Amino acid sequence: MHYTHVMKQKLRSCVFLVSAIVFGLVATHAYAEDAAAEKYVEGLIATAIQVLSDAETSDERKQAIFEDFLIENVDMKRLPAFLLGQYARLPTDEEKADYLNLLQEFMTRIYVVRLQEYTDDTIVITGSRSRKEGREVVVTGTIQLPDRAQPLSLDWWLLRREQDDGSPEFRVFDVRVAGIWLAQEQRSGFVSVIRNNQGSFDALLQHLRKQIDSQATASAQ
Amino acid sequence: MLKKIRPKAPYLCVFALLLVLLSGCAGKGDIEVMSPDEREQQIEEIDVLEPFNRYIFEVNIFLDTFFLKPVSTWYAGIVPSVVRKGVGNFFENLKSPVVLANNLLQGETEAAKITAQRFAINSSAGLLGLFDPADGWGYPSQKTDFGQTAGVWGIPHGPFLMLPLFGPSSLRDASGIAVDAVFDPLSYNIIDPSGVLYIFSGWRVVNGRAQFLGRLEDLYQTSVDPYASVRSLYFQSRMKTKNPSVDLDIDALPDIDEYDFSQ
């Protein structure tokens, strides 16, 4: 039963990393500490729905659009380092460049196709809380799945900075589904691969390439 | 009657012994409230059987691929999702004695009260648990298990274990499975001459797996090391279910390294 339980957690995690950002109908309850952050998350969901649910657009085109969407909205400055844990300062400049490119493709390939299966899920934003003097905001919400009686908790951890004109700019740092922080989970895999290969960063790059290739093959079939 | 429940006694003795052994390991800290860095280090330290655990992980994947998944696929093909959902509710309701016992053992009397009320409502108005009206009426699930009860009592996880069929666990939580079995009606299949409980146990597993058909492969596509991910998810999920009704504590989030990787 434990196996099933944790598998469920993982499966939900896989499915919702970006569906958290992407799908569903949004209703907002106004007791926000950071209304701008909530509005930002609403916008993310609406934009992603528009892109991914468009039947006229090919999968290849959706993937390209979605990659831009991820780059624009995920904190690609800090998240890649976070995913490496204690090995964040291990790669050379060349390896860092390779890693960033592979990570973007890895994230995009995984989620574009899969998320199109979840257009009926309803996401409700329930509020937000900030810390670090407002530089970090957690937007809280729920997602209702068709096969579950109770909705699952769904939270977005955002980083906020003021732009030159004083307006806030947000980036997604991590998403928490049913109590699971997804970037933290992914980080365990990255760190494990490097550690089990005697600290070789190249081993991680090879794993990423392999998975991208297998995903591409699966998509083509 | 007393004779009939005797098969549980050896399990309880083993559990008692394990608790004593694990008590001697206390002082490692609570892995469920550590920062990601500390947790990773701690998990690495307690996964002393990693090569063996990885082997069992592969065996579990094999069993799922060639047995559980095909059966669940067939099952999902002939049973509508609304029925599968009802069956899931039914089995969940059947585990209420396990939840109630652990609510009480953790000293959570309010949770125990809710669990008892849920069971009464769902068993009657919910048509033997097929529906879950209790949740909508303000009696949410208080799901817990004896592994968590042992955690509340201050017993550490001990070594991480990948169990055949059951999947990720720890010495503490695996031991708790034996205790939970005492309160789980379906675990009495070993004294059921008709074999009906075996069928129900199998049905529970297949019904649970059928909810996630086509998605288990996601595990391997979204992780560079599925074993490590499952291990991490296990401890994160235990953290969540330890305090199911408590909202996210944002002050407990780790500090983000300001290292800009893109430069």
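For the structure itself, consult the block above.
Residues numbered from 1 in each chain as written. Chains lettered and ligands numbered in written order. Predicted model: local features only at pLDDT ≥ 70, side-chain atom pairs only at ≥ 80, totals over all residues. Heavy atoms only, no water.

On to the overall build of chain B. Looking only at helices and strands, chain B features 12 helices and two strands. Starting at the N terminus and walking to the C terminus, you meet the elements of chain B as α-α-α-α-α-α-α-α-β-β-α-α-α-α. Classification of the 263 residues of chain B by burial places 48% in the buried group. Contacts spanning at least 24 positions in sequence make up 67% of the contacts within chain B whose residues lie at least 6 apart. For chain B, the exposed area adds up to about 13000 Å²; of that, 66% sits on carbon and sulfur atoms. (Helix = DSSP H or I, 4+ residues; strand = E, 2+ residues; numbered from the N terminus. Buried < 20%, exposed > 50% of the residue type's maximum accessible area, 1.4 Å probe, protein only. Contact = heavy atoms within 4.5 Å. Areas by Shrake-Rupley, 256 points an atom, 1.4 Å probe, with all protein chains shown as cover.)

As a further point, take the pairing of strand β3 (residues 136-144) of chain A. Residues and elements named next belong to chain A. The element β3 is largely enclosed, with a buried count of seven among its nine residues. In the sheet, strand β2 (residues 122-131) pairs with β3 via nine bridges, with the strands oriented antiparallel. Paired with Gly 127 across the two strands is Thr 140, which belongs to β3. Where β2 folds back onto β3 in an antiparallel hairpin, the turn is made up of four residues, including Lys 132, whose phi is positive at roughly 50°. Sheet analysis places β3 next to strand β4 (residues 152-162), joined by eight bridges and oriented antiparallel. When the sheet's bridge partners are listed, Thr 142 is paired in β4 with Ser 153. (Pairing = 2+ DSSP bridges.)

Each pair of packed helices can be described by the angle between their axes along with the distance between the axes. Residue and element names in this part refer to chain A. Where helix α2 (residues 35-52) meets helix α3 (residues 59-73), the closest approach of the two axes is 10 Å, and the angle between their N-to-C directions is 170°. By the criterion of interaxial angle, the relationship of α2 to α3 is roughly antiparallel. For the pair α2 and α3, the contacting residues are Tyr 40, Leu 44, Thr 47, Ala 48, Val 51 and Leu 52 in the first and Lys 62, Ile 65, Phe 66, Phe 69 and Asn 73 in the second. Each residue belonging to the contact of α2 with α3 can be placed in one class, and the counts come to eight nonpolar, two polar and one charged. (Axes fitted to C-alpha atoms, helices over the stretch in contact; angles between N-to-C directions. Parallel < 35°, antiparallel > 145°, perpendicular 65-115°, else oblique. Nonpolar A, V, L, I, M, F, W, Y, C, P; charged D, E, K, R; others polar.)

Core analysis: the biggest nonpolar cluster contains 66 residues, and Leu84(A), Tyr99(A), Trp156(A), Leu158(A), Phe190(A) and Leu204(A) have the highest contact counts within it. Considering every element that reaches this core, the biggest residue donor is α2(A), with eight residues. Look past the residues within four positions of Phe190(A) in its chain and what remains in contact with it is Leu83(A), Leu84(A), Tyr99(A), Leu103(A), Phe106(A), Leu204(A), Leu208(A) and Val224(B). Listed in part, the 11 residues of the second largest apolar core include Ile46(B), Ile56(B), Val230(B) and Phe235(B). (Core = buried A, V, L, I, M, F, W, Y, C linked by side-chain atoms within 4.5 Å.)

This paragraph deals with the packing of aromatic side chains. Remark: the centre distance and the inter-plane angle together describe each pair of aromatic rings, the angle taken between the planes. The final tally for this structure, using the stated rule, is 19 aromatic pairs over all chains. Pairing Phe82(A) with Phe173(A) gives two aromatic rings, centres 5.1 Å apart and planes at 65°, and the pair type is edge-to-face. Taken together, the positions of Phe82(A) in helix α4 (residues 79-82) and Phe173(A) in strand β5 (residues 168-177) put the pair 91 residues apart, joining distant regions of the chain. Accessibility classification places Phe82(A) together with Phe173(A) in one group, the buried group. Put simply, the rings of Phe57(B), Phe160(B), Tyr227(B), Tyr234(B) and Phe235(B) touch in pairs and so form one group of aromatic residues. The residue whose ring lies beneath Arg187(A) is Phe82(A), and the NZ or CZ to ring-centre distance is 4.5 Å. (Phe/Tyr/Trp six-rings, centres within 6.5 Å; stacked < 30°, edge-to-face > 60°. Lys NZ or Arg CZ within 6 Å of the ring centre and 35° of its normal.)

This next bit is on the packing of helix α5 (residues 96-105) of chain B against helix α6 (residues 109-124) of chain B. Residues and elements named next belong to chain B. Axis separation between α5 and α6 bottoms out at 8 Å; the angle between their running directions is 165°. Taken together, the axes of α5 and α6 lie roughly antiparallel to each other. Seen from above, α5 lies across α6 with left-handed handedness. Contact residues: α5 offers Ser 96, Val 99, Leu 100, Asn 103 and Leu 104, while α6 offers Ala 111, Ala 112, Thr 115, Ala 116 and Phe 119. Considered class by class, the residues forming the contact of α5 with α6 number seven nonpolar, three polar and no charged. (Left-handed = near helix turned anticlockwise from the far one by under 90°.)

Here we come to the pairing of β4(A). All names here are of chain A. In this structure, β4 lies alongside β5, joined through nine bridges in antiparallel fashion. Considered in β5, the bridge of Trp 156 is made with Val 175. Connecting β4 to the antiparallel partner β5 that follows it, the hairpin turn spans five residues, and Gly 166 within it adopts a positive phi of roughly 90°.

Now for helix α3 (residues 50-78) of chain B. An α-helical segment advances 3.6 residues per turn. Residues three or four places apart therefore align on the same side. All names here are of chain B. Here α3 spans 40 Å end to end across 29 residues, near enough to the 42 Å set by a 1.5 Å rise per residue. Of all the bends in α3, the greatest measures close to 45° and is centred on Asp 64. Within α3 the residues assigned to the buried category are Glu 50, Asn 53, Ile 56, Phe 57, Asn 60, Ile 61, Asp 64, Ser 72, Tyr 75 and Ala 76. (Expected span 1.5 Å × (residues − 1). Bend = angle between axes of the 7 residues up to and from the residue.)

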